[in-house]
Amino acid sequence: MSTFIIANWKMQKTHNESIAWVNEYAHELDEVVKQSQNTLVLCPSFTPLQSISAQLKNTTIAVGAQDCCAFERGAYTGEVSVLSLQEIGCTYCLVGHSDRRHYHGETDCCVAQKALLLLKHNISPIVCIGESADARANKKTYSWLCKQLKPLLNEIGDVETQARLFIAYEPLWAIGTGHIPTQEELYEVSAWIKDIVSACLSVKTHILYGGSVDDAVRPNLHELSSIDGFLVGRASTKIEVLKSIVAGV
Ligand code: PGA
């Protein structure tokens, strides 16, 4: 089965740098994706999205946004509509990334609203969830994750829609820190997420892991049947590292 690699470039590259990177590496990356038969989604920041979507049009590499507005259109200054993302060929969109929750105060309800809007417009939402170090230390991981997932799972509609949902488990203590959960910890949490999701939905949902994944250090997916791929931040802007991750899972 195809493994999903989501490259979250955050704000690491400017508009021109992003386009130049794709110009230089799209071909070789495409070859690696084809050989591996995995799925690669590049998520640059908003301004280069349209150009990159056009650059990757005849490749196997998909394009995703890093966020969207919770409303379709209207007086929402500075926001980007799901309708625009759809028009320019985005097929995936991150929502509820911990950067958005932390710096922009995004709530679980707002994240659910964005995910539902994306599903309505045939874009796969990658809903990011993950507990803090404190919650983990106080054995509150599951109540934390449950609170984050509930507004979404309560509202999600028909089966066809459900099948497009992705959930990325990104413990806050693992993002950008170089620490990743042990195989056992990850197995336990991802299996719990799978169970709680399948109790509410009628189809299988894709579960990803994110947080300090690179070519040298990453969970072994062959031993983790409950994980379908990785959400990669920092390491995904380095071509050799990204190629190695795509080829190696
Ligand atoms: P990282 O980021 O891979 O740099 O830890 C992951 C993320 O924030 O999505």
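Residues numbered from 1 in each chain as written. Predicted model: local features only at pLDDT ≥ 70, side-chain atom pairs only at ≥ 80, totals over all residues. Heavy atoms only, no water.

Draft legend 1. How the structure looks around helix H5 (residues 108–120). Helix length check: H5 (13 residues) gives 18 Å between terminal C-alpha atoms against 18 Å at 1.5 Å per residue, within 8%. All of the buried residues in H5 are Asp108, Val111, Ala112, Lys114, Ala115, Leu117, Leu118 and Leu119. In this fold, the buried residues of H5 make contact with helix H3 (82–87), strand E4 (92–95), helix H4 (98–104), strand E5 (124–129), helix H7 (141–155) and helix H8 (159–162). Asparagine 122, located one to two residues past H5, shows a positive phi value of around 60°. (Helix = DSSP H or I, 4+ residues; strand = E, 2+ residues; numbered from the N terminus. Expected span 1.5 Å × (residues − 1). Buried < 20%, exposed > 50% of the residue type's maximum accessible area, 1.4 Å probe, protein only. Contact = heavy atoms within 4.5 Å.)

Draft legend 2. Geometry of the sheet that holds E4. Strand order in the closed barrel formed by 8 strands is E1-E2-E3-E4-E5-E6-E7-E8, with parallel pairing between adjacent strands. Strand-to-strand twist in this sheet, taken as the mean axis angle between neighbours without regard to direction, amounts to 25°. Judged from the 2 bridges that link them, strand E2 (residues 39–43) and strand E3 (residues 62–65) form a sheet pairing that is parallel. Among the inter-strand pairings, leucine 42 is bridged to a residue of E3, identified as valine 63. Against the sheet, helix H9 (residues 183–200) makes contact with E5, strand E6 (166–169) and strand E7 (206–210), and its axis sits at roughly 150° relative to E6, the strand it touches most. (Pairing = 2+ DSSP bridges. Axes fitted to C-alpha atoms, helices over the stretch in contact; angles between N-to-C directions.)

Draft legend 3. Layout of the packing of H7 against H9. At a closest axis distance of 11 Å, the pairing of H7 and H9 adopts a crossing angle of 30°. By the criterion of interaxial angle, the relationship of H7 to H9 is roughly parallel. Handedness of the crossing formed by H7 with H9: right-handed. Facing Tyr142, Leu145, Cys146, Leu149 and Leu153 of H7, the residues of H9 in contact are Glu188, Val189, Trp192, Ile193, Ile196, Val197 and Cys200. Its residues assigned to classes, the contact of H7 with H9 shows 11 nonpolar, no polar and 1 charged. (Parallel < 35°, antiparallel > 145°, perpendicular 65-115°, else oblique. Left-handed = near helix turned anticlockwise from the far one by under 90°. Nonpolar A, V, L, I, M, F, W, Y, C, P; charged D, E, K, R; others polar.)

Draft legend 4. Highlighting the nonpolar core. Grouped together as the largest cluster of nonpolar side chains are 64 residues, with contacts concentrated most on Ile5, Trp21, Leu42, Ile193 and Phe230. The dominant element in this core, judged by the number of residues it contributes, is helix H1 (residues 15–36), at 8 residues. With 13 residues, the next largest nonpolar core counts Cys43, Tyr92, Phe166 and Leu208 among its residues. (Core = buried A, V, L, I, M, F, W, Y, C linked by side-chain atoms within 4.5 Å.)

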